[in-house]
Amino acid sequence: LGTMGGACCSERELVPGTQVPVEEWMRRNALVTPDVSASCCNRRGFVTFTNRSFEAGEVIIEELPVAMLLPQNDQTWLAAMRREIDSKAPGDAWKFCLAAHCLAQRDLPLVSPWRLRPLDDDDAEKIMLLSIAEGAEPKLEPSRAASLAAGHVMRTAVQLRGNPGDEKAEEMQLATKLDAVAARLAQHAFRIEDTATRHPTRVDALFYRACFVNTCSAGLHTATWEFNGETKTLKVRASSAMLPGEEVTLDPATKPWIRRGAKVVACGCAACRGEARRPGRFPEVSEPEAEAEAEAMMERRSSKERAKEQKKAQQPPPKKTA
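Residues numbered from 1 in each chain as written. Predicted model: local features only at pLDDT ≥ 70, side-chain atom pairs only at ≥ 80, totals over all residues. Heavy atoms only, no water.

Undergrad: What is the right way to read the overall build of the protein from this model?
TA: Scanning the protein from N- to C-terminus turns up seven helices and twelve strands. Here the protein, with 322 residues, has 45% of them falling under the buried criterion. Contacts in the protein between residues at least 24 apart in sequence constitute 71% of all its contacts with a sequence separation of at least 6. Total accessible area computed for the protein in this model is approximately 17,200 Å², and 51% of it derives from carbon and sulfur atoms. (Helix = DSSP H or I, 4+ residues; strand = E, 2+ residues; numbered from the N terminus. Buried < 20%, exposed > 50% of the residue type's maximum accessible area, 1.4 Å probe, protein only. Contact = heavy atoms within 4.5 Å. Areas by Shrake-Rupley, 256 points an atom, 1.4 Å probe, with all protein chains shown as cover.)

Undergrad: So what exactly am I meant to see when it comes to the environment of Asp107 here?
TA: Tracing the backbone shows Asp107 in the loop between helix H3 (93-99) and helix H4 (121-128). Sequence separation between Asp107 and Ala124 is 17 residues; the distance between their C-alpha atoms is 9.7 Å. Those residues in contact with Asp107 that lie beyond four places of it in its chain are Leu174 and Lys177.

Undergrad: Can you walk me through the side chain of Asp204 in this structure?
TA: Following the sequence through the fold, Asp204 ends up in strand S6 (residues 201-206). Within polar-contact distance, the side chain of Asp204 engages the side chain of Arg191 at 3.2 Å. Leaving out residues up to four positions away in the same chain, Asp204 has contacts with Ala67, Met68, Leu69, Pro71, Arg82, Trp94, Leu98, Phe190 and Arg191. (Polar contact = N/O pair within 3.5 Å; in protein donor to acceptor, adjacent residues only side chain to side chain.)

Undergrad: Would you take a moment to explain the pattern of salt bridges for this structure?
TA: Two side chains bearing opposite charge may form a pair once their charged atoms approach each other closely. Applying the stated criterion across every chain yields a total of ten salt bridges. Arg52 is paired through a salt bridge with Glu58; the nearest N and O atoms lie 2.9 Å apart. Arg52 sits in the partly exposed class, given a relative accessible area of 29%. With its nearest N and O atoms 3.2 Å apart, the salt bridge here joins Arg191 to Asp204. Pair noted here: Arg191 is in strand S5 (residues 190-194) and Asp204 is in strand S6, with a separation of 13 residues, a long-range link. Judged by its relative accessible area of 28%, Arg191 is partly exposed. By relative accessible area, which is 2% here, Asp204 ends up buried. (Salt bridge = Lys/Arg side-chain N within 4 Å of Asp/Glu carboxyl O.)

Undergrad: Before we go on, may I ask you to explain the packing of aromatic side chains in this structure?
TA: Any pair of aromatic rings gets described here by the distance separating the centres and the angle formed by the planes. Taken as a whole and assessed by the stated rule, the structure comprises four aromatic pairs. A ring pair is formed by Phe190 and Phe207, whose centres lie 5.8 Å apart and whose planes are at 90°; its orientation type is edge-to-face. With Phe190 in strand S5 and Phe207 in the loop between S6 and strand S7 (214-215), this pair connects stretches of sequence that are 17 residues apart. Between Tyr208 and Phe212, the ring centres sit 5.4 Å apart and the planes meet at 65°, which makes this aromatic pair edge-to-face. Note on accessibility: Tyr208 and Phe212 belong to one class, buried. (Phe/Tyr/Trp six-rings, centres within 6.5 Å; stacked < 30°, edge-to-face > 60°.)

Undergrad: Honestly, the pairing of strand S9 (residues 233-238) in this entry has me stumped. Any pointers?
TA: Along any regular strand the residues' side chains alternate between the sheet's two faces. Relative to S9, strand S3 (residues 59-63) runs antiparallel, the two sharing four bridges. Across the sheet, residue Glu62 finds its bridge partner in S9, namely Lys235. The turn linking strand S8 (residues 223-228) back onto S9 is made up of four residues, and Lys232 within it adopts a positive phi angle of 60°. (Pairing = 2+ DSSP bridges.)

Undergrad: Please explain the nonpolar core as it appears in this structure.
TA: The biggest cluster of nonpolar side chains holds 43 residues, and the ones touching the most others in it are Met81, Ile85, Phe96, Cys102, Leu178, Leu185 and Phe212. When contributions to this core are tallied by element, the ones reaching two or more residues are strand S4 (67-69), helix H2 (76-88), H3, helix H5 (144-161) and helix H6 (167-188). For this core, the element with the most residues is H5, which contributes seven residues. Apart from the residues within four sequence positions on either side, Phe96 is in contact with Met81, Ile85, Ser143, Ala145, Ala146, Ala149, Leu178, Asp179 and Ala182. (Core = buried A, V, L, I, M, F, W, Y, C linked by side-chain atoms within 4.5 Å.)

Here you go:
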């Protein structure tokens, strides 16, 4: 359904804001291994290819999350933040709750709310190097959801430290940062729901290696993914036997786990462009047919989203409590 790779660049170029070559940065962050390599593609950012053969069902990638939240386990302050954002900016709460847990210590108040643990500087910087959807760059003024999230974090911090300080300036800086992180989570994070259990388990998480694996429409993906709630790991498995040099692509919705985080953009994978590497690997799909199918799929999704927005607009506003 869409491209999830990082920003387009040449492997000889430097990572933005650093003096580190892209190739070295990819090796340092395990994006180049004996199993797979993430490399730059001029049209679609980073893409991931196999470096060896894989049997059907074999694990290609296995990783722990950079950050993860279970909404059912929210602390009191986080639950209150989630409720307020949900009521005033529907659909944004999950991004900003997770974004608050994707910040370095320098981005947070000196005394942070309970269980809001900062990331290592390296992990926080890696998140900011991820791509975002076109037109999703944060505006000069923080969004409403970011302002609400920053307000909750700062108020809780002030209660703990007892010294207000320059709260407004800190809150504005925090809201700006939250907007930037949330824009990346909207493109790359996993919203996972285990619908097979009696009481569905919900998880919002960011898996870094998976950010560089693109998705593929029309059921032509080369890999599937699964989340283990006990080990907190994400596994990407080969859908069928794969040869070295094949692109790893995911089906964005793998039952019973459902991924809802990524934005819907036009698919550009080799299969959907009719450029599959192995004869017989995929059904022949001409480029006009692939484009027509992608447009029809986006139109169906847009119609559903418009219907949801109209339904929300018709709902009466929540009653104010005294």
